Amino acid sequence: MSTEEAASLPPQIIVRRVEGLKGINEMQINSQGAKIVNLSLEGHPIFITVLRGDGKSASTHPCSPNFGPDTKGFGLPQHGPARNERWTLVKGSDLGVSMESAIEGGTYPKGLVVRQDYILSQDGFTLETKHTNNGSEQLPVNFGEHFYWNAPQGFDELTINGRNAADIFRDPAGGLIQLEPSNRIQIPGVGSIRLDQEKLPFAYLWIGRGSNKDIDRGYVCIEPIEGDPKSFFGSAESMLKIGESRTSRISLKLDV
């Protein structure tokens, strides 16, 4: 299905749920922007839809082909066009949803196709993202997933791999951290979450602010990405050769 045909279809909210070890695991996926409207593990909200202090409603979404600003001058929007496109449902099952989108925007060369597989299990949640270059020239990609995490008690005591992250969240610009293959995120009021990642070795930490500059509460953004938004996009490591694919994976499990 072409991008134009997909855009003509009404958006779908796709719901999947499965009995977890100690509660219900559930996800709600919106085909408009491939947004994760909500994700609950063991009955506990993990990703949520928020009303930010700047008045915008926001949900977890993919950032592709660029995370952050377009540093190479293609005319791509902040965080790329993928989050604003109507994605096509290509596969569904009782536990999973698969969608894809052809990325187009500005003067960015055509041919990039992104597929996301959202999978629930008794243990937790997995998001697999595959970028494929079906075009006629190599393409730069710095993919990231803009997670909006539930943080009902704020971020003052939030830790990532045992390190307090409050100072980064207090910085209006946020900040970049390195991720391990397996990570432990402790969010007050939610619990301990194990985040395993493949080919997303960094995370950007950020939280919004209102017009009065007060820091938003109730959520945090911990966003796994391929590389530094300031330098990775357009680097040799970011290039996807003709006919090549690159796949990343995030898995989440809540300890309760």
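All of these numbers come straight from a predicted model, not from anything done at the bench.

Q: Looking at this structure, I do not really get the state of the cysteines. What am I missing?
A: As used here, a disulfide is simply a covalent bond connecting the sulfur atoms of two cysteines. Evaluation of the coordinates by the stated rule reveals 0 disulfides. Unpaired in terms of disulfides, C63 finds its nearest cysteine sulfur in C221, a separation of 9.6 Å.

Q: In this structure, what is going on with unusual backbone geometry? I would like to understand it.
A: Most peptide bonds are trans, and most residues other than glycine sit at a negative phi. Of note, the amide linkage connecting S64 to P65 takes the cis form, showing an omega dihedral of 5 degrees. Its place among the elements puts P65 in the loop between strand 7 (61-63) and strand 8 (88-92). Of note, the phi angle at N161 is positive, near 55 degrees, even though the residue is not glycine. Secondary-structure assignment places N161 in the loop between strand 15 (159-160) and strand 16 (163-164). Given a relative accessible area of 33%, N161 falls into the partly exposed group. Even without being a glycine, K213 presents a positive backbone phi close to 75 degrees. For K213, the location among the structural elements is in the loop between strand 20 (202-206) and strand 21 (218-225).

Q: How should the side chain of S98 be read in this particular structure?
A: Among the structural elements, S98 can be located in strand 9 (residues 96-103). Judged by its relative accessible area of 7%, S98 is buried. If sequence neighbours within four positions are ignored, S98 has contacts with T88, L89, V90, K91, R115, Q116 and D117.

Q: Is there a simple way to think about the nonpolar core in this case?
A: General note: in soluble globular proteins, nonpolar side chains tend to be found buried as a group. By size, the foremost hydrophobic cluster in this structure holds 60 residues, and its most contacted members are L39, Y118, F125, W149, I222 and L252. Not counting residues up to four positions away in its chain, the partners in contact with W149 are I46, F47, I185, I187, I193, L195, G218, Y219, V220, C221, I222 and L252.

Here is what the cut-offs are and how they apply
- Residues numbered from 1 in each chain as written.
- Predicted model: local features only at pLDDT ≥ 70, side-chain atom pairs only at ≥ 80, totals over all residues.
- Heavy atoms only, no water.
- Disulfide = S-S within 2.5 Å.
- Helix = DSSP H or I, 4+ residues; strand = E, 2+ residues; numbered from the N terminus.
- Buried < 20%, exposed > 50% of the residue type's maximum accessible area, 1.4 Å probe, protein only.
- Contact = heavy atoms within 4.5 Å.
- Core = buried A, V, L, I, M, F, W, Y, C linked by side-chain atoms within 4.5 Å.

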